[in-house]
Amino acid sequence: MRWGVREQRLREALVEIGARLYARGLVSANDGNLSVRVDAERFLITPRGRSKGHLRPEDLVVIDPEGRVVRPGRGGAMPSSEWPMHLEAYRQRPDIGAVLHAHPPFTVALTVAGVTFPSEILPEVVMTVGKVPTARLAVPSSEDDALAIREWIREHDAVLLPHHGVVTVGRTLEEAWVRMERIEYAAKVYLLSRALGEARSLPPEFLKALASAG
Ligand SMILES: [Zn+2]
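Residues numbered from 1 in each chain as written. Predicted model: local features only at pLDDT ≥ 70, side-chain atom pairs only at ≥ 80, totals over all residues. Heavy atoms only, no water.

By the naming in an unreviewed UniProt entry, the protein goes by L-fuculose-phosphate aldolase and is assigned to Thermoflexus hugenholtzii JAD2.

Structure representation (structure tokens):
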């Protein structure tokens, strides 16, 4: 092994979450990117232009806090072009250890329709995700994309990128994954409720009860 046991474990976890995103249809083609903090000086990130469904631990790229490649992936693979957005999230949030970016179709549809994310329709979303703001429109993979999430990611664990996708963060990859999956589930339930009639938010007194339970 060319790296330590801890890094190997993180590489395997990242590959596993990538496969889940792909299997659940939260990314298509070679969309999306994932990263994890190894230590103060190194991050693991998915390689550019590859499907997240079939990665191997050695495909992942190691970058430093300035985005310089410390160790390329297998075959000289370079980091995802969204690396500035990932590093921006880590800069704003010293408490997090993982960043996920995916293109979940129901959630992206909400942003295309100009609908605010329904953060108060499901108890589990209230308790584990909270409010999910929508950033301003920015060109994917640009420095501007990183700037667009800056003010939001400081105070929130998820941000919607309009006409594009979602960014979630967590202390661990698993936590960031749960947030991503819950957001897409809530968007799906919201659209189904709208198809049947009204999408009602939880009553204020129930939200208060959830807040004190959490
Ligand atoms: Zn994207």
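The structure having been displayed, the exposition proceeds.
Draft legend 1. Expanded view of the nonpolar core. Counting residues in each nonpolar core, the largest one holds 35 residues, and the members touching the most others are Leu-21, Leu-44, Leu-100 and Phe-117. Contributing elements (two or more residues each) for this core: helix 1 (5–23), strand 1 (33–39), strand 5 (98–102), strand 6 (158–161) and helix 6 (173–196). In terms of residues, this core owes the most to one element, helix 6, which gives eight residues. Residues contacting Leu-44, with those up to four places away along its chain left out, are Glu-7, Leu-10, Arg-11, Leu-14, Leu-34, Ser-35, Val-36, Val-38, Leu-60, Val-61 and Val-62. Residues Ile-45, Ile-96, Ala-148 and Ile-149 belong to the second largest nonpolar core, which totals 19 residues. (Core = buried A, V, L, I, M, F, W, Y, C linked by side-chain atoms within 4.5 Å. Buried < 20%, exposed > 50% of the residue type's maximum accessible area, 1.4 Å probe, protein only. Helix = DSSP H or I, 4+ residues; strand = E, 2+ residues; numbered from the N terminus. Contact = heavy atoms within 4.5 Å.)

Draft legend 2. Layout of the sheet that holds strand 1. One open sheet accounts for seven strands, arranged 4-3-2-1-5-7-6; its pairing is antiparallel. Taken across any chain shown, the strands that pair with only one partner, and hence form the sheet edges, are strand 4 (69–71) and strand 6. Neighbour-to-neighbour, the strand axes of this sheet turn through a mean angle of 25°, independent of strand direction. Both strand 5 and strand 7 (residues 165–170) contribute to a ladder of five bridges, which runs antiparallel. Paired with Val-99 across the strands is Val-169, a residue of strand 7. (Pairing = 2+ DSSP bridges. Axes fitted to C-alpha atoms, helices over the stretch in contact; angles between N-to-C directions.)

Draft legend 3. How the structure looks around the environment of Pro-105. Position of Pro-105 relative to the elements: it lies in helix 3 (residues 105–112). On the basis of relative accessibility, which here comes to 44%, the residue Pro-105 falls in the partly exposed class. Separated by 17 residues in sequence, Pro-105 and Glu-88 place their C-alpha atoms 24 Å apart. Excluding its chain neighbours within four sequence positions, the residues that come into contact with Pro-105 are Gly-25 and Glu-184.

Draft legend 4. Representation of the coordination of the zinc ion in the model. The zinc ion binds to the protein through His-101 (NE2), His-103 (NE2) and His-164 (NE2), with metal-donor distances spanning 2.1 Å. Sequence positions of the residues that donate to the zinc ion give the spacing H-x1-H-x60-H. Of this pair, His-103 sits in the loop between strand 5 and helix 3 while His-164 sits in the loop between strand 6 and strand 7, and the two are 61 residues apart along the sequence. (Donors = N, O, S within 2.8 Å, 3.2 Å for Na, K, Ca; no water.)

Draft legend 5. The side chain of Asp-64, seen in detail. Along the chain, the position of Asp-64 falls in the loop between strand 3 (61–63) and strand 4. Residue classification places Asp-64 among the buried positions, given a relative accessible area of 9%. There is a polar contact of 2.9 Å between the side chain of Asp-64 and the side chain of Arg-68. Leaving out residues up to four positions away in the same chain, Asp-64 has contacts with Glu-41, Phe-43, Val-70 and Leu-87. (Polar contact = N/O pair within 3.5 Å; in protein donor to acceptor, adjacent residues only side chain to side chain.)

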